[in-house]
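Reading the structure
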Amino acid sequence: MTPPPVLSVRNLVVAIPSRSGTSRPVNDISFDIAPGEILGVVGESGAGKSMTGNAVIGLLDRPAHIASGEIWLNGRRIDALLPEDLRRIRGRQVGMVFQDPLTSLNPLLRIGDQLIETIREHLPMTAAAARDRAVAALEEVGIPAAAERLNSYPHEFSGGMRQRVVIALALCAEPSLVIADEPTTALDVSVQAQIIALLRRLCRDRGTAVMLVTHDMGVISEAADRVAVMYAGRLAELGPVRSVISQPRHPYADGLMGAMPSIAIGQRRLRQIPGAMPRPSAIPPGCAFAPRCPRAADTCRLDPAPSLADDPQGRAACWFPMEHSA
Amino acid sequence: MIRQFAEFWQSDFGWKFRHSPTAVLSFVVSVALVMAAIAAPLIAPTNPFDSASLNLMNGFSAPLQPNAFTGELFLLGTDDQGRDVFSTILYGLRVSLFVGVLAVLFGMVLGVTLGLIAGYVGGRVDGFIMRVADIQLTFPAILVAMLIFGIAKGIIAPQYRDQMAIWVLIIAIGLSDWVPFARVVRGATMVEKNRDYVQAARLIGRKPVAIMVLHILPNVLNPILIIATISLALAIIAEATLSFLGVGAPPTQPSLGTLIRIGQTFLFSGEWWILLFPAATLLALALSVNSLGDWLRDALNPRLK
Amino acid sequence: MLAFLIRRLVQSVVVLLVVGAVSFGMFRFIGDPVNNMLGQERTQADIEQLRDRLGLDRPVFVQYALFLRNAVQGDFGVSYRQGRPVADIIAERAPATLELAAVSGVMALVFGIGLGVLTAINRNSWASSAIMTLSLVGVSLPTFLIGILLIYVFSVQLEWLPSFGRGETVDVGGWSTGFLTQSGLIALILPAITLGLYQMTLIMRIVRSEMLEVLRQDYIRFARARGLRERSINFRHALKNTLVPVITVTGLQMGSIIAFSIITETVFQWPGMGLLFINAVQFVDIPVMAAYLMLISVLFVSINLVVDLLYFAIDPRLRIERAKA
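Residues numbered from 1 in each chain as written. Chains lettered and ligands numbered in written order. Predicted model: local features only at pLDDT ≥ 70, side-chain atom pairs only at ≥ 80, totals over all residues.

**Thoughts on the overall build of chain B**
For chain B, the helix and strand inventory stands at 13 helices and 0 strands. Tracing chain B from N to C terminus, the helices and strands come up as α-α-α-α-α-α-α-α-α-α-α-α-α. Restricting to contacts in chain B with at least 6 residues of sequence separation, those with at least 24 account for 68%. (Helix = DSSP H or I, 4+ residues; strand = E, 2+ residues; numbered from the N terminus. Contact = placed C-beta atoms within 7 Å.)

Right, here's the structure in full:
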């Protein structure tokens, strides 16, 4: 028996109206995340990864908005909530970690004040209890001498330490879902692995679901249980991380794996995918990947790509998924 | 001439101009006021400063109402001495613009020269000039201008004061607004100083200053034009303020500010036109030059703020 | 941090010395300094004694030093026009200007910051664009015209408010205040608005543009993503980050308020230092001009120092970076 998913996204469409017509940077996306599961969302920049995360947490910048589809969090539909109800969910049920720890923290407020403010916003606590909890949160993310560091300002921490603080802030009210948007991209390579390990450990321990948005397949292969590959606002492939890496069914996923040095070991040279991803305002008819696809046939150029469910293995949105002999 | 105008009209700049109602309107108003000021002796129905043509009986005539004693009609009325307000405004505009334009020119020449020297010589000279600029900027320009006016008044013998007042104003306002010009030119000079052609000129024993000036000035033409326009609006307001305070243009040679100063005394007795029309003219002039400057800044140089 | 403050202090002293030199130059070389100091009633003995005290027979820089010493002790000479010590006249006039400036300053700060924040938060509302357009006109209007306009509307037409003077004042320990009488408070309204309006629009515009910049920052997004209330985000997180540039401009504006009070005081015949100064310029009353100039400079320089100190109070990053520098 599988537990009910923490997050369930159904046919989500994000639209941006403009003078030249409406573009859909996120187009008909569906996925679930189970408790304690880490879902990696990968794709080129502009593929709609971050936009999906922002839609879930209700932080789309106008004029972008959810045009259709449903978002369910812990069995409650949240895509049409009032702003005030959404605010109560943010931080309490959904935590968020941003890309750049140098700019995510308010430079003029002490770390402790930012933590205590967040804790007391969501949990009924006295100032003293919130302070204890803030110390515990900092200890959990591995910040030494946590009680003293409460009085420090963000600029007194290194980049990696700041990202730990950001994670503590995102987790301090014990949300059931964390959206981590490129949490390691701005960090030194040596620190990246530590942060990923930390995120993974904390979420495993608490059963927190994680949506890990990144363009780095290496991070995904290290941390995620399942991976969603996005291309031009759509899901190209969604499946267990091992299978997608070793036996991708969508030609784009295949190309993506071939272009990743950490995964393409044993290959003689890195492959690259010819051409560039279309802008959301200029997506061709048919399958969006068709112009760059080595396997494209006439069907691909004329008919929109099928849904994941049409794939016998339920993984790829492709007319001609790749077969791998076992 | 016509071809040059056509070229301007077709250019990028011309396009931006045509498509900005604010720019067109403020340009038209500015030009109209400048023309009126230049042609004042031709347009003005009377010469308000020729005492022979004045008739005290005409005093306090309301606009467009025949005078009770003489039956004469005045477009914008008359003041206490029977001077035609329309004519005094035209002559006042002349004084205001004359002071404003010359003050800006003076500040510009001073600023450009000091900026060139500071940028080219560098070192202590540069430090000194820029320090003076910093200290001066600590104080509001109007205060600096007042002080210069006061000092000048102390130096000049009383019988020459009225005659010299206009020139003192020009120098006082000009001395208070040279800094922005100097900063722009100094920056451009420091960039240009290290260019190859300057070094080459130095190598062959030429004095590079003349060549540099020829190269630097085209580079700073746009910012200087912008600063000059905005400074002109500020100078006009500064002049009006000083004259209004009684430390500017004398009553024998009144500017718009002096007229407003005179008009203010009739505010309570009901002769509103003596105040209103000069004030409205000053506003139109200041606003149109100011918005022209703002527009130029946006159109020519979006980085300069 | 200490090194930085000391450097600023030295700079301030240099500015004051320069201003002192200008004042001294006016005092010494325009007209006769003995006249400046003594006024009409004087004996030959007085003159001799003063020549000796000012060191008129000694080198110029010694005279300058003596001039500064006298100024520091509050001795600015005797007004030509009033024949009384300048220090006494200024002490009489200072309360009027300082009260007017304080009220306008507080008004400009409160409304400027308030409207700036509001127009930044609701930047797409029509009220915000209306306020912005009005502020553009407000910045280009000469101060004295605003004053005249207010007088015309509220004194001439509506007859609600007085157009000149301070109303009744009460003497509190040598300080004549208009805060304690009804007519004194009423008389403050129009001059305070006239003086504060320009500064208010400037502060409003800078707060607004800084606020818009800060609201785009990541830490504001992150604060929002943590579910903090809008009120806390706008005022606790965003406003504090706009304060450093706002304080720079505001500090300079507070200095300008004193200088611009010259204009307002003339329009409303407000018996303060500004009116005193403008009359001094008209009648070439050099001792008064010199004294006013020096007082204003001390004020400006102190304001700049306070602004520097406020930076450290607000931004913790400076405390470290400056200390290293």
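This is not the end of the story, as more comes after the structure.
**Side note on the overall build of chain C**
Per the secondary structure count, chain C includes 13 helices and 2 strands. In terms of overall dimensions, chain C has C-alpha extents of about 80 × 60 × 35 Å along its principal axes. Out of the 325 residues in chain C, the part that is buried amounts to 42%. Long-range contacts, defined here as pairs at least 24 residues apart, represent 71% of the contacts in chain C between residues at least 6 apart. (Buried ≥ 20, exposed ≤ 12 C-beta atoms within 10 Å, placed from the backbone.)

**Thoughts on the arrangement of the chains**
Counting contacts across all 2 pairs of chains found in contact, the highest total belongs to chains B and C. The two units chain A and chain B remain apart, with a minimum C-alpha distance of 20 Å.

**Considering the sheet that holds strand β1 (residues 7-16) of chain A**
Residue and element names in this part refer to chain A. Taken in spatial order, the 4 strands make up an open sheet running β2-β1-β4-β5, and their pairing is antiparallel. Every other strand in the sheet has two partners, leaving β2 (23-33) and β5 (76-77) as the edge strands with one partner each. Bridge count between β1 and strand β4 (residues 65-73): 7 bridges; the pairing is antiparallel. Considered in β4, the bridge of Val 14 is made with Ile 66. On top of the sheet, helix α1 (residues 49-57) reaches β1, β2 and β4; it is set at about 110° to β1, its chief contact. (Pairing = 2+ DSSP bridges. Axes fitted to C-alpha atoms, helices over the stretch in contact; angles between N-to-C directions.)

**Side note on the pairing of strand β3 (residues 38-42) of chain A**
On any regular strand, side chains alternate: one points to one face of the sheet, the next to the other face. Residues and elements named next belong to chain A. Taken across its 5 residues, β3 has 5 buried, putting it largely inside the fold. The alternating pattern of β3 places Ile 38, Gly 40 and Val 42 on one face and Leu 39 and Val 41 on the opposite face, and all of these are buried. Direction of pairing for β3 relative to strand β8 (residues 209-214): parallel, over a ladder of 5 bridges. Directly across from Val 42, in β8, lies its bridge partner Thr 214.

**Some words on the environment of Val284(C)**
Its place among the elements puts Val284(C) in the loop between α11 (273-282) and α12 (286-314). For Val284(C), a count of 22 C-beta atoms within 10 Å corresponds to the buried category. Residues Val284(C) and Leu305(C) lie 21 residues apart in sequence; the distance between their C-alpha atoms is 32 Å. Excluding anything up to four places from it in sequence, Val284(C) contacts Gly150(B), Lys153(B) and Gly154(B).

**Describing the sheet that holds strand β10 (residues 234-240) of chain A**
Residues and elements named next belong to chain A. The 6 strands lie next to each other as β6-β7-β8-β3-β9-β10, forming an open sheet whose pairing is mixed. Two strands bound the open sheet, and with one partner strand each, they are β6 (94-97) and β10. Shown here is a sheet whose adjacent strand axes are inclined to one another by a mean of 15°, direction ignored. In the packing of helix α11 (residues 251-258) onto the sheet, contacts are made with β9 (226-231) and β10, and the angle to β9 comes to roughly 105°.

**Notes on the confidence of the model for chain C**
Residue and element names in this part refer to chain C. Predicted confidence across chain C gives a mean pLDDT of 82, with 94% of residues reaching 70 or more. Low pLDDT, under 50, characterises residues 321-325; the predicted model gives this stretch 4 contacts beyond four residues in sequence or across chains. For this predicted complex, the interface confidence score (ipTM) comes to 0.84, while the overall pTM stands at 0.78. (pLDDT = per-residue confidence, 0-100.)

**Points about the pairing of β8(A)**
Residue and element names in this part refer to chain A. The buried fraction of β8 amounts to 6 of the 6 residues, a majority that puts the element mostly inside the structure. Side chains Ala 209, Met 211 and Val 213 project from β8 onto one buried face, and the interleaved Val 210, Leu 212 and Thr 214 project onto a second face that is buried too. Note: strand β7 (residues 177-181) against β8, 5 bridges, orientation parallel. Within the sheet, the bridge partner assigned to Ala 180 lies in β8 and is Leu 212.

**Side note on the interface of chain C and chain B**
Chain C puts 26 residues into the contact, and the matching count from chain B is 29 residues. Among the secondary structure elements, those contributing two or more residues to the side of chain C that touches chain B are α1 (2-29), α7 (143-157), α10 (230-267), α11 and α12 of chain C. Here the element with the most residues in the side of chain C that touches chain B is α7(C); it accounts for 6 residues. Tallied by class, residues from the side of chain C that touches chain B come to 21 nonpolar, 5 polar and no charged. (Nonpolar A, V, L, I, M, F, W, Y, C, P; charged D, E, K, R; others polar.)

**Examining the interface of chain A and chain C**
At the interface, 24 residues of chain A touch 18 residues of chain C. Secondary-structure elements contributing two or more residues to the side of chain A that touches chain C are α2 (83-89), α3 (101-104) and α4 (111-122) of chain A. At 4 residues, α4(A) tops the list of elements feeding residues into the side of chain A that touches chain C. Class assignment for the residues of the side of chain A that touches chain C results in 10 nonpolar, 7 polar and 7 charged.

**So, the packing of helix α3 (residues 21-38) of chain B against helix α5 (residues 85-121) of chain B**
All names here are of chain B. Two numbers describe how α3 lies on α5: the axes approach to 8 Å, and their chain directions differ by 105°. Regarding the angle of α3 to α5, the classification is roughly perpendicular. Here Leu 33, Val 34, Ala 36 and Ala 37 of α3 lie close against α5, whose contacting residues are Leu 90, Leu 93, Arg 94 and Leu 97. The residue makeup of the contact of α3 with α5, split by class, is 7 nonpolar, no polar and 1 charged. (Parallel < 35°, antiparallel > 145°, perpendicular 65-115°, else oblique.)

**Let's talk about the environment of Arg42(C)**
All names here are of chain C. With respect to the element layout, Arg 42 can be found in the loop between α2 (33-38) and α3 (44-54). Note on Arg 42: 14 C-beta atoms within 10 Å, which makes it partly exposed. As for Arg 42 and Arg 93, which are separated by 51 residues in sequence, their C-alpha atoms are 26 Å apart.

**Brief notes about the environment of Ala168(A)**
Residue and element names in this part refer to chain A. Along the chain, Ala 168 falls in helix α7 (residues 159-171). Spatially, the C-alpha atom of Ala 168 lies 15 Å from that of Arg 204, the residues being 36 residues apart in sequence. In this structure Ala 168 touches Leu 115, Ala 137, Leu 138, Glu 140 and Val 141, once residues within four positions along its chain are discounted.

**Here we look at the packing of helix α5 (residues 86-121) of chain C against α10(C)**
Residue and element names in this part refer to chain C. Where α5 meets α10, the axes come as close as 10 Å, and the angle between the chain directions of the two elements is 145°. Considering how the two elements wind past one another, α5 and α10 form a crossing that is right-handed. Contact residues: Thr 97, Leu 100, Ala 101, Ser 104, Gly 105, Ala 108, Leu 109, Val 117 and Ile 121 in α5; Asn 234, Leu 239, Thr 250, Gln 253, Met 254, Ile 257, Ile 258 and Ser 261 in α10. Residues that form the contact of α5 with α10 fall into these classes: 10 nonpolar, 7 polar and no charged. (Left-handed = near helix turned anticlockwise from the far one by under 90°.)

**Here's the deal with unusual backbone geometry**
Of note in this structure, Asn11(A) is not a glycine but carries a positive phi near 50°. Along the chain, the position of Asn11(A) falls in strand β1. Judged by C-beta crowding, with 12 C-beta atoms within 10 Å, Asn11(A) ranks as exposed. Its identity is not glycine, yet Glu159(C) carries a phi of approximately 55°, on the positive side. The exposure class of Glu159(C) is exposed, given the 9 C-beta atoms found within 10 Å.

**A word on the confidence of the model for chain B**
A residue-level look at chain B finds 89% of positions with pLDDT of 70 or above and a mean pLDDT of 81. Taken element by element, chain B is modelled with least confidence in helix α1 (residues 2-10) of chain B, mean pLDDT 73, and with most confidence in α5(B), mean pLDDT 90.

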